[in-house]
Amino acid sequence: MMLFFFCILHSVFYILQKLEFGMSTLKINGDERDFPEGLPATLTALLEELDVNAATVVAEVDGQIVPREQFNETSLSDGQQIELVRFVGGG
C-alpha cells in the first residue's frame, strides 16, 4: 500500500515539475530524456545534441521512419518516441 502511494506521489511531483519548469521530454530508444532548456527544434538538432552523426543513423519518430533528407524538416514535440539505430561496421 505504501509503495502505491509513493508511486502516485512521484507521478504527481513529476507532472508538477514539468508544468512549473516547462520541462519537455522525449523517449529515445526506450529511455525518457528530459530537456529542461527546451526540446531541440528538429531531428537534426537532436542528433547534434546527442553527438550522433546523421549519416550513420536511421531514425524513427512515433513509429514512422524519417528519410535522412527530412531530418532537418522534422519538428519534435513533447512526448514523442524516437528510435535511433546506428550502423556499425565490422567483420
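Here, the structure is the one placed above.
Procedures and definitions
- Residues numbered from 1 in each chain as written.
- Predicted model: local features only at pLDDT ≥ 70, side-chain atom pairs only at ≥ 80, totals over all residues.
- Heavy atoms only, no water.
- Helix = DSSP H or I, 4+ residues; strand = E, 2+ residues; numbered from the N terminus.
- Buried < 20%, exposed > 50% of the residue type's maximum accessible area, 1.4 Å probe, protein only.
- Areas by Shrake-Rupley, 256 points an atom, 1.4 Å probe, with all protein chains shown as cover.
- Pairing = 2+ DSSP bridges.
- Patch = residues over 30% accessible without salt bridge, like charges linked within 9 Å, V, L, I, M, F, W, Y side chains within 5 Å.
- Salt bridge = Lys/Arg side-chain N within 4 Å of Asp/Glu carboxyl O.
- Axes fitted to C-alpha atoms, helices over the stretch in contact; angles between N-to-C directions.
- Core = buried A, V, L, I, M, F, W, Y, C linked by side-chain atoms within 4.5 Å.
- Contact = heavy atoms within 4.5 Å.

S.K.: Any details on the overall build of the chain? Residues and values, ideally.
M.R.: Along the chain, the regular secondary structure elements total two helices and five strands. The order of α-helices and β-strands along the chain, N terminus first, is α-β-β-α-β-β-β. Scored against the burial criterion, the 91 residues of the chain give a buried share of 25%. Accessible surface for the chain amounts to roughly 6,500 Å². Of this, 57% is attributable to carbon and sulfur atoms.

S.K.: Now, about the pairing of strand β5 (residues 81-86): what can you tell me, with residues and values included?
M.R.: With two bridges joining them, strand β1 (residues 24-28) and β5 adopt parallel strand pairing. Its bridge partner lying in β5, Lys27 is registered against Gln81. In the sheet, strand β3 (residues 57-61) pairs with β5 via five bridges, with the strands oriented antiparallel. Each bridged residue has a counterpart across the sheet, and for Val61 the counterpart in β5 is Ile82.

S.K.: Kindly report on a nonpolar patch on the surface, identifying the contributing residues and their values.
M.R.: There is a patch of nonpolar side chains on the surface, built from Val58, Ile65, Val85 and Phe87 and spanning about 400 Å² of accessible area. One can find Val85 in strand β5.

S.K.: For the sheet that holds β3, give the residues involved together with the corresponding values.
M.R.: What links the strands of a sheet is backbone hydrogen bonding, and the strands pair in either a parallel or an antiparallel sense. Here five strands make up an open sheet; going across it, the order is β2-β1-β5-β3-β4 and the pairing mixed. With one partner strand each, in any of the chains shown, β2 (31-35) and β4 (64-66) form the two edges of the open sheet. Taking each pair of neighbouring strands and ignoring which way they run, the sheet shows an average axis angle of 30°.

S.K.: Lay out the environment of Ile82 with the relevant residues and their values.
M.R.: Within the secondary structure, Ile82 is located in strand β5. Ile82 sits 55 residues away from Lys27 along the chain, and the two C-alpha atoms are 5.9 Å apart.

S.K.: I'd like to hear about the nonpolar core, residue by residue, with values.
M.R.: Formed by 15 residues in total, the largest nonpolar core has its most connected members in Leu26, Ile28, Leu43, Leu46, Phe71, Ile82 and Leu84. In this structure, Ile28 is in contact with Arg33, Phe35, Leu46, Leu50, Ile82 and Leu84, ignoring residues within four places of it in sequence.

S.K.: Could you give an account of the pairing of β1, naming the residues involved and the relevant values?
M.R.: Burial runs high along β1: four of the five residues are buried. Direction of pairing for β1 relative to β2: antiparallel, over a ladder of five bridges. The residue of β2 that forms the bridge with Ser24 is Phe35.

S.K.: Describe the environment of Arg33, and please don't skip the residues or the numbers.
M.R.: Secondary-structure assignment places Arg33 in strand β2. Overall, Arg33 belongs to the partly exposed group, its relative accessible area being 36%. Each C-alpha atom, one on Arg33 and one on Gly79, is 9.7 Å from the other, the two residues being 46 residues apart in sequence. Contacts of Arg33, omitting those with residues within four sequence positions, involve Ser24, Thr25, Leu26, Ile28, Glu49 and Leu50.

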